[in-house]
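One-letter residues, chain by chain:
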Amino acid sequence: MEFLPNLLSFLVILLLGILFAWIIKLIVIAILKIFHLDRFFSRTGIAGELDKIGIKETPTKIVGRMFYWLFLLIFIIIALNTLQIPAIEQFLGSFLLYLPNIFIAILLIIIGYILGNFLGRATLIASANAGVKFAGIISRVVKSAVVLLAFIMALEQLGIGRDTVIIAFTILFGGFVLALSLAFGLGGKDIA
């Protein structure tokens with residue numbers, strides 16, 4: 001009987017949270033349509049990239065859905081706190097401390113993907129203009145390397161494989177220096 005008021009508060013806050021998050025989603029979508037966010041994303045090419053990876057919704061709806069889940073998550077946390085169960089309170093405390101790591105990891109993956117596409121295209125244009133035979137392969141390797149590095153950095157931010165980035169950088173840098181020294185040693189042995 002002592003727990004029933006807490007349970008009722010949980011259900012009321014949860015239902016209000018669903019309603020409030022839905023209203024916020026509609027407001028955000030309406031504001032973003034006023035500012036023509038979809039047109040901006042189409043001009044920058046991000047909408048095309050989203051379509052390539054299988055996301056068929058417009059960027060406006062995606063941002064609206066993100067706001068919906070953000071506010072719903074806030075209300076779920078508030079509702080779970082009203083239950084006053086020590087295990088849940090301890091879990092929520094550690095989850096809230098870990099939440100910024102999740103957002104930073106997602107941001108790292110997004111930035112890495114965008115930067116990988118940019119560098120891949122730049123490499124393709126530069127190597128095609130230079131007359132390199134394997135311009136497409138080099139472009140894909142550059143794009144994959146940047147995206148892989150961003151993914152590894154995101155995993156490190158989440159606390160998974162903390163030393164991976166340092167080891168990967170050491171291996172890549174060492175391999176790059178070895179390749180340069182071999183190229184100079186073999187190609188310029190008369191000069192050396």
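Right, let's walk through the structure included here. Please read all numbers here as calculations on a predicted model, not as lab measurements.

1. Points about the nonpolar core
Link 1 in the chain: Core analysis: the largest hydrophobic core is formed by seven residues, namely F10, I13, I77, A79, L80, L83 and L92.
Link 2 in the chain: Every element with two or more residues in this core is listed here: α1 (4–34) and α4 (59–82).
Link 3 in the chain: Counting residues per element, this core draws most heavily on α4, which supplies three residues.
Link 4 in the chain: Once residues within four sequence positions are removed from consideration, A79 is found in contact with F10, I13 and L14.
Link 5 in the chain: If you look at the next biggest cluster of nonpolar residues, it comprises five residues, including I24, V28, L32 and F41.

2. Describing the packing of helix α5 (residues 86–129) against helix α6 (residues 135–157)
Link 1 in the chain: For the pair α5 and α6, the least separation of the axes is 8 Å and the interaxial angle reads 165°. Comparing their axes, α6 and α5 come out roughly antiparallel. Crossing hand, α5 versus α6: right-handed.
Link 2 in the chain: The residue inventory of the contact of α5 with α6, partitioned by class, reads 18 nonpolar, 10 polar and two charged.

Cut-offs and rules
Residues numbered from 1 in each chain as written. Predicted model: local features only at pLDDT ≥ 70, side-chain atom pairs only at ≥ 80, totals over all residues. Heavy atoms only, no water. Core = buried A, V, L, I, M, F, W, Y, C linked by side-chain atoms within 4.5 Å. Buried < 20%, exposed > 50% of the residue type's maximum accessible area, 1.4 Å probe, protein only. Helix = DSSP H or I, 4+ residues; strand = E, 2+ residues; numbered from the N terminus. Contact = heavy atoms within 4.5 Å. Axes fitted to C-alpha atoms, helices over the stretch in contact; angles between N-to-C directions. Parallel < 35°, antiparallel > 145°, perpendicular 65-115°, else oblique. Left-handed = near helix turned anticlockwise from the far one by under 90°. Nonpolar A, V, L, I, M, F, W, Y, C, P; charged D, E, K, R; others polar.

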